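# Commentary on secondary and tertiary structure
If you want the building blocks of each chain, they are given just below.
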Amino acid sequence: MSEPVLLPSALEPRHYTLRIEPDLERFTFAGEARIALDVVSATSEVVFHSKELLIRDAAVSFDGETAAAKSISFDVKLTTCTLTLDKELPANAEAVLTVRYQGDLNNQMAGFYRSHYTAANGEKKIMGSTQFEALDARRAFPCWDEPARKAVFDLTLVVPSDLTCFSNMPEKEVAVIQEGRKRVVTFMSTPQMSTYLLAFCVGEFDYVQQRTENGVLVKVYTPPGKSSSGTYALDIACRCLDLYDGFFGLRYPLPKLDMVAIPEFAMGAMENWGLVTYRMVDLLIDPVLASPQQRQRVATVVNHELAHQW
(Lines give C-alpha, C1' and ligand atoms only; values in the text may rest on other atoms or scores of the structure.)
Protein backbone atom coordinates (compact mmCIF):
# COMPACT_ATOMS: atom_id res chain seq x y z
CA MET A 1 0.00 0.00 0.00
CA SER A 2 1.36 3.44 -0.91
CA GLU A 3 2.14 5.96 1.80
CA PRO A 4 -0.14 9.00 2.12
CA VAL A 5 1.23 12.17 0.56
CA LEU A 6 1.11 14.93 3.17
CA LEU A 7 2.25 18.53 3.17
CA PRO A 8 5.44 19.40 5.09
CA SER A 9 4.98 19.76 8.84
CA ALA A 10 6.99 23.00 9.16
CA LEU A 11 3.82 25.13 9.09
CA GLU A 12 0.46 24.55 10.76
CA PRO A 13 -2.63 26.61 9.83
CA ARG A 14 -4.68 28.05 12.70
CA HIS A 15 -7.10 30.50 11.13
CA TYR A 16 -8.31 31.22 7.60
CA THR A 17 -9.76 34.62 6.72
CA LEU A 18 -11.30 34.31 3.27
CA ARG A 19 -12.91 36.87 0.97
CA ILE A 20 -14.47 35.44 -2.19
CA GLU A 21 -16.32 37.31 -4.93
CA PRO A 22 -18.07 35.08 -7.50
CA ASP A 23 -19.13 36.19 -10.97
CA LEU A 24 -22.04 33.97 -12.03
CA GLU A 25 -22.07 35.46 -15.52
CA ARG A 26 -18.40 34.82 -16.35
CA PHE A 27 -18.19 31.62 -14.25
CA THR A 28 -15.19 32.91 -12.26
CA PHE A 29 -14.40 34.05 -8.73
CA ALA A 30 -11.76 36.30 -7.21
CA GLY A 31 -10.38 35.52 -3.79
CA GLU A 32 -8.07 36.64 -1.05
CA ALA A 33 -6.90 34.27 1.67
CA ARG A 34 -5.15 35.35 4.87
CA ILE A 35 -3.96 32.25 6.72
CA ALA A 36 -2.54 32.48 10.24
CA LEU A 37 0.27 29.95 10.62
CA ASP A 38 2.34 28.50 13.44
CA VAL A 39 5.94 28.03 12.34
CA VAL A 40 6.85 24.64 13.80
CA SER A 41 10.36 24.57 12.33
CA ALA A 42 12.39 27.16 10.44
CA THR A 43 11.65 27.22 6.73
CA SER A 44 12.01 29.42 3.66
CA GLU A 45 9.34 27.51 1.74
CA VAL A 46 5.57 27.56 2.08
CA VAL A 47 3.82 24.56 0.53
CA PHE A 48 0.02 24.45 0.36
CA HIS A 49 -2.70 22.85 -1.75
CA SER A 50 -3.98 24.68 -4.80
CA LYS A 51 -5.87 23.20 -7.73
CA GLU A 52 -6.91 25.13 -10.83
CA LEU A 53 -6.32 28.46 -9.09
CA LEU A 54 -4.41 31.36 -10.61
CA ILE A 55 -2.15 32.75 -7.86
CA ARG A 56 -1.79 36.48 -8.49
CA ASP A 57 0.58 37.30 -5.63
CA ALA A 58 1.61 35.97 -2.25
CA ALA A 59 3.66 37.06 0.75
CA VAL A 60 4.21 36.09 4.38
CA SER A 61 4.37 38.50 7.31
CA PHE A 62 6.01 37.60 10.64
CA ASP A 63 7.51 39.48 13.60
CA GLY A 64 6.97 42.84 11.90
CA GLU A 65 8.71 41.71 8.72
CA THR A 66 7.48 40.61 5.29
CA ALA A 67 8.89 37.72 3.29
CA ALA A 68 8.10 38.04 -0.41
CA ALA A 69 7.82 35.09 -2.76
CA LYS A 70 10.94 34.91 -4.95
CA SER A 71 9.29 32.21 -6.99
CA ILE A 72 5.96 30.39 -7.21
CA SER A 73 5.89 26.83 -8.54
CA PHE A 74 3.17 24.22 -8.95
CA ASP A 75 3.03 20.44 -8.84
CA VAL A 76 0.02 19.53 -10.98
CA LYS A 77 0.05 15.87 -9.90
CA LEU A 78 0.14 16.63 -6.17
CA THR A 79 -2.00 19.80 -6.62
CA THR A 80 0.40 21.83 -4.51
CA CYS A 81 1.88 25.31 -4.76
CA THR A 82 5.32 26.13 -3.35
CA LEU A 83 6.39 29.65 -2.45
CA THR A 84 10.13 30.15 -2.16
CA LEU A 85 10.61 33.11 0.18
CA ASP A 86 13.35 35.73 0.25
CA LYS A 87 13.61 35.31 4.04
CA GLU A 88 13.53 32.36 6.38
CA LEU A 89 10.62 32.04 8.80
CA PRO A 90 12.07 31.34 12.26
CA ALA A 91 10.85 28.44 14.37
CA ASN A 92 8.09 29.21 16.90
CA ALA A 93 7.09 32.40 15.08
CA GLU A 94 3.51 33.30 14.20
CA ALA A 95 3.11 34.15 10.54
CA VAL A 96 0.34 35.20 8.17
CA LEU A 97 0.27 34.04 4.56
CA THR A 98 -1.66 36.35 2.24
CA VAL A 99 -2.62 35.09 -1.21
CA ARG A 100 -4.65 36.85 -3.90
CA TYR A 101 -5.99 34.47 -6.51
CA GLN A 102 -8.64 33.70 -9.11
CA GLY A 103 -10.58 30.54 -9.89
CA ASP A 104 -13.25 29.13 -12.17
CA LEU A 105 -16.82 28.24 -11.23
CA ASN A 106 -16.47 24.85 -12.84
CA ASN A 107 -19.16 22.43 -14.00
CA GLN A 108 -17.56 19.36 -12.42
CA MET A 109 -19.64 19.31 -9.20
CA ALA A 110 -16.43 19.72 -7.18
CA GLY A 111 -14.90 22.67 -5.37
CA PHE A 112 -16.83 25.93 -5.87
CA TYR A 113 -18.98 25.08 -8.86
CA ARG A 114 -22.05 26.15 -10.80
CA SER A 115 -25.42 24.44 -11.17
CA HIS A 116 -28.17 25.13 -13.68
CA TYR A 117 -31.88 25.07 -12.99
CA THR A 118 -35.11 26.35 -14.53
CA ALA A 119 -37.05 29.02 -12.63
CA ALA A 120 -40.82 28.95 -12.22
CA ASN A 121 -41.19 31.28 -15.22
CA GLY A 122 -39.13 28.98 -17.43
CA GLU A 123 -35.98 31.12 -17.30
CA LYS A 124 -32.62 29.34 -17.08
CA LYS A 125 -30.75 30.22 -13.88
CA ILE A 126 -27.34 29.54 -12.32
CA MET A 127 -26.32 29.14 -8.71
CA GLY A 128 -22.94 28.57 -7.09
CA SER A 129 -22.34 25.99 -4.35
CA THR A 130 -19.50 23.96 -2.88
CA GLN A 131 -18.51 20.33 -2.52
CA PHE A 132 -15.14 20.03 -0.80
CA GLU A 133 -15.05 16.44 0.46
CA ALA A 134 -12.64 14.83 0.07
CA LEU A 135 -9.92 16.86 -1.68
CA ASP A 136 -11.58 19.84 -3.34
CA ALA A 137 -11.39 22.76 -0.91
CA ARG A 138 -8.11 23.42 -2.76
CA ARG A 139 -10.18 24.30 -5.84
CA ALA A 140 -11.77 27.24 -3.96
CA PHE A 141 -8.93 28.66 -1.86
CA PRO A 142 -5.27 27.95 -1.03
CA CYS A 143 -5.20 25.68 2.00
CA TRP A 144 -3.73 22.80 3.93
CA ASP A 145 -6.37 20.44 2.55
CA GLU A 146 -5.89 17.54 4.93
CA PRO A 147 -8.54 16.51 7.51
CA ALA A 148 -6.08 16.60 10.41
CA ARG A 149 -5.03 20.22 9.68
CA LYS A 150 -8.04 21.76 11.43
CA ALA A 151 -8.51 25.52 11.72
CA VAL A 152 -11.07 28.28 12.30
CA PHE A 153 -12.64 29.90 9.23
CA ASP A 154 -13.83 33.49 8.78
CA LEU A 155 -15.61 33.85 5.45
CA THR A 156 -16.74 36.95 3.57
CA LEU A 157 -18.72 36.72 0.32
CA VAL A 158 -19.18 39.64 -2.08
CA VAL A 159 -22.33 39.04 -4.12
CA PRO A 160 -24.85 40.93 -6.26
CA SER A 161 -27.52 42.51 -4.07
CA ASP A 162 -30.32 40.53 -5.71
CA LEU A 163 -28.75 37.19 -4.74
CA THR A 164 -28.79 35.29 -1.48
CA CYS A 165 -25.70 33.73 0.09
CA PHE A 166 -25.17 31.59 3.18
CA SER A 167 -22.47 29.49 4.80
CA ASN A 168 -21.79 27.26 7.81
CA MET A 169 -22.37 30.07 10.31
CA PRO A 170 -24.91 32.91 10.61
CA GLU A 171 -24.24 36.33 9.13
CA LYS A 172 -22.14 38.61 11.31
CA GLU A 173 -22.48 41.81 9.31
CA VAL A 174 -23.61 43.02 5.90
CA ALA A 175 -22.39 46.09 4.01
CA VAL A 176 -23.66 47.53 0.74
CA ILE A 177 -21.11 48.70 -1.87
CA GLN A 178 -21.02 49.93 -5.47
CA GLU A 179 -24.07 52.14 -4.98
CA GLY A 180 -26.17 49.22 -3.82
CA ARG A 181 -25.25 46.83 -6.60
CA LYS A 182 -23.37 44.43 -4.32
CA ARG A 183 -23.43 43.22 -0.73
CA VAL A 184 -20.44 42.26 1.39
CA VAL A 185 -21.61 39.49 3.72
CA THR A 186 -19.32 38.45 6.59
CA PHE A 187 -20.16 35.32 8.55
CA MET A 188 -19.36 34.43 12.15
CA SER A 189 -16.24 32.40 12.86
CA THR A 190 -16.64 28.64 12.56
CA PRO A 191 -15.52 26.18 15.21
CA GLN A 192 -12.17 24.56 14.55
CA MET A 193 -12.78 22.11 11.72
CA SER A 194 -11.35 20.44 8.62
CA THR A 195 -11.24 22.26 5.29
CA TYR A 196 -13.65 19.81 3.65
CA LEU A 197 -16.49 20.89 5.99
CA LEU A 198 -16.50 24.52 4.89
CA ALA A 199 -19.43 25.33 2.60
CA PHE A 200 -21.20 28.27 0.98
CA CYS A 201 -23.91 28.92 -1.63
CA VAL A 202 -24.82 31.89 -3.81
CA GLY A 203 -27.96 32.28 -5.91
CA GLU A 204 -31.71 32.83 -5.87
CA PHE A 205 -33.52 30.83 -3.19
CA ASP A 206 -36.78 30.48 -1.33
CA TYR A 207 -36.84 28.88 2.10
CA VAL A 208 -38.99 27.61 4.93
CA GLN A 209 -37.85 27.83 8.54
CA GLN A 210 -38.67 26.65 12.03
CA ARG A 211 -37.02 26.58 15.46
CA THR A 212 -36.38 23.38 17.35
CA GLU A 213 -37.60 22.98 20.90
CA ASN A 214 -34.05 23.81 22.01
CA GLY A 215 -33.96 27.04 20.01
CA VAL A 216 -31.93 26.14 16.92
CA LEU A 217 -33.13 27.93 13.77
CA VAL A 218 -33.48 25.43 10.91
CA LYS A 219 -33.97 26.50 7.31
CA VAL A 220 -34.54 24.50 4.14
CA TYR A 221 -33.47 26.42 1.03
CA THR A 222 -35.10 25.58 -2.28
CA PRO A 223 -35.11 26.95 -5.82
CA PRO A 224 -37.55 29.88 -6.16
CA GLY A 225 -41.18 28.84 -6.15
CA LYS A 226 -40.56 25.44 -4.55
CA SER A 227 -40.49 26.28 -0.83
CA SER A 228 -43.52 24.09 -0.06
CA SER A 229 -41.53 21.05 -1.16
CA GLY A 230 -39.14 21.62 1.77
CA THR A 231 -41.71 21.49 4.57
CA TYR A 232 -41.48 17.73 5.13
CA ALA A 233 -37.68 17.75 5.41
CA LEU A 234 -37.89 20.78 7.72
CA ASP A 235 -40.21 18.96 10.13
CA ILE A 236 -37.99 15.87 10.08
CA ALA A 237 -34.85 17.95 10.73
CA CYS A 238 -36.31 19.81 13.72
CA ARG A 239 -37.53 16.63 15.37
CA CYS A 240 -34.24 14.93 14.57
CA LEU A 241 -32.10 17.63 16.21
CA ASP A 242 -34.20 17.54 19.38
CA LEU A 243 -33.99 13.75 19.45
CA TYR A 244 -30.20 13.76 18.99
CA ASP A 245 -29.76 16.41 21.70
CA GLY A 246 -31.18 13.94 24.18
CA PHE A 247 -29.68 10.80 22.66
CA PHE A 248 -26.10 12.11 22.66
CA GLY A 249 -26.52 14.07 25.89
CA LEU A 250 -24.93 17.02 24.10
CA ARG A 251 -26.72 19.93 22.44
CA TYR A 252 -26.29 20.63 18.73
CA PRO A 253 -23.18 22.84 18.84
CA LEU A 254 -24.02 25.56 16.27
CA PRO A 255 -26.56 28.42 16.40
CA LYS A 256 -28.32 27.41 13.18
CA LEU A 257 -28.73 24.60 10.67
CA ASP A 258 -29.32 25.17 6.97
CA MET A 259 -30.21 22.47 4.47
CA VAL A 260 -30.16 23.26 0.76
CA ALA A 261 -31.20 21.40 -2.37
CA ILE A 262 -28.60 21.59 -5.14
CA PRO A 263 -29.79 21.02 -8.74
CA GLU A 264 -26.56 19.35 -9.83
CA PHE A 265 -24.99 17.26 -7.08
CA ALA A 266 -22.65 14.29 -7.32
CA MET A 267 -23.85 12.37 -4.25
CA GLY A 268 -26.92 12.00 -2.06
CA ALA A 269 -25.92 14.61 0.51
CA MET A 270 -22.93 16.15 2.29
CA GLU A 271 -22.74 16.86 6.02
CA ASN A 272 -21.01 20.27 5.96
CA TRP A 273 -21.16 21.56 9.54
CA GLY A 274 -24.20 23.84 9.82
CA LEU A 275 -24.93 23.79 6.05
CA VAL A 276 -25.93 20.38 4.75
CA THR A 277 -26.21 20.07 0.97
CA TYR A 278 -28.51 17.56 -0.72
CA ARG A 279 -29.45 16.20 -4.09
CA MET A 280 -32.89 17.60 -4.93
CA VAL A 281 -34.73 14.27 -4.67
CA ASP A 282 -33.23 13.57 -1.24
CA LEU A 283 -34.59 16.77 0.33
CA LEU A 284 -37.58 18.10 -1.61
CA ILE A 285 -40.85 16.23 -2.06
CA ASP A 286 -44.44 17.19 -2.75
CA PRO A 287 -46.09 17.53 0.69
CA VAL A 288 -49.37 16.07 -0.63
CA LEU A 289 -48.49 13.67 -3.44
CA ALA A 290 -45.23 12.14 -2.18
CA SER A 291 -45.30 8.36 -1.83
CA PRO A 292 -44.41 6.57 1.44
CA GLN A 293 -41.17 5.47 -0.22
CA GLN A 294 -40.23 9.08 -1.03
CA ARG A 295 -40.99 10.20 2.52
CA GLN A 296 -38.94 7.36 3.97
CA ARG A 297 -36.01 8.19 1.68
CA VAL A 298 -35.98 11.87 2.71
CA ALA A 299 -36.33 11.00 6.40
CA THR A 300 -33.49 8.47 6.18
CA VAL A 301 -31.08 10.80 4.39
CA VAL A 302 -31.83 13.81 6.64
CA ASN A 303 -31.41 11.75 9.82
CA HIS A 304 -28.17 10.27 8.52
CA GLU A 305 -26.65 13.64 7.61
CA LEU A 306 -27.68 15.34 10.85
CA ALA A 307 -26.08 12.58 12.91
CA HIS A 308 -22.77 13.77 11.42
CA GLN A 309 -23.26 17.21 13.01
CA TRP A 310 -22.06 15.81 16.32
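Overview of the structure. (Residues numbered from 1 in each chain as written. Predicted model: local features only at pLDDT ≥ 70, side-chain atom pairs only at ≥ 80, totals over all residues. Heavy atoms only, no water.)

Turning our eyes to something else, we now look at the packing of aromatic side chains. On inspection of all chains with the given rule, the structure shows 18 aromatic pairs. Both rings, one in Y16 and one in F141, keep their centres 5.8 Å apart while their planes meet at 75°; by these two values the pair is edge-to-face. On the criterion of sequence distance, the pair formed by Y16 in strand β1 (residues 11–23) and F141 in the loop between β9 (124–131) and β10 (152–160) is long-range, its members being 125 residues apart. Looking at F141, the relative accessible area reads 0%, which means it is buried. For the pair F166 and F205, a centre-to-centre distance of 5.1 Å together with 65° between the ring planes defines the contact as edge-to-face. (Phe/Tyr/Trp six-rings, centres within 6.5 Å; stacked < 30°, edge-to-face > 60°. Helix = DSSP H or I, 4+ residues; strand = E, 2+ residues; numbered from the N terminus. Buried < 20%, exposed > 50% of the residue type's maximum accessible area, 1.4 Å probe, protein only.)

Looking at where D104 falls in the secondary structure, it is placed in strand β7 (residues 94–104). We classify D104 as partly exposed; its relative accessible area is 47%. With 128 residues separating them in the primary sequence, D104 and Y232 have C-alpha atoms 35 Å apart. Apart from residues no more than four positions distant in its own chain, D104 is found in contact with F27, T28, F29 and F112. (Contact = heavy atoms within 4.5 Å.)

Here the focus is the layout of surface pockets. Of the volumes computed, that of the largest pocket is approximately 400 Å³. Lining the largest pocket are 15 residues, with D23, L24, E25, P160 and L163 positioned closest to its centre. The dominant element in the lining of the largest pocket, judged by the number of residues it contributes, is β9, at 3 residues. Of the residues that constitute the lining of the largest pocket, the class distribution is 6 nonpolar, 1 polar and 8 charged. In this structure, the second largest pocket occupies an estimated 300 Å³ of space. The wall of the second largest pocket is formed by 17 residues, among which V5, H49, L78, T79 and R138 lie closest to the centre. (1 Å grid on protein atoms, 1.4 Å probe; cavity = no way out; pocket = protein on both sides within 12 Å on 5 of 7 lines; lining within 4 Å. Points joined across faces, edges and corners; volume = space filled by probe spheres on them. Nonpolar A, V, L, I, M, F, W, Y, C, P; charged D, E, K, R; others polar.)

You can see T80 is positioned in strand β6 (residues 80–89). For T80, a relative accessible area of 9% gives the class buried. The residues touching T80, leaving out its near neighbours within four places in the chain, are L7, V47, F48, H49, S50, S73, F74 and D75.

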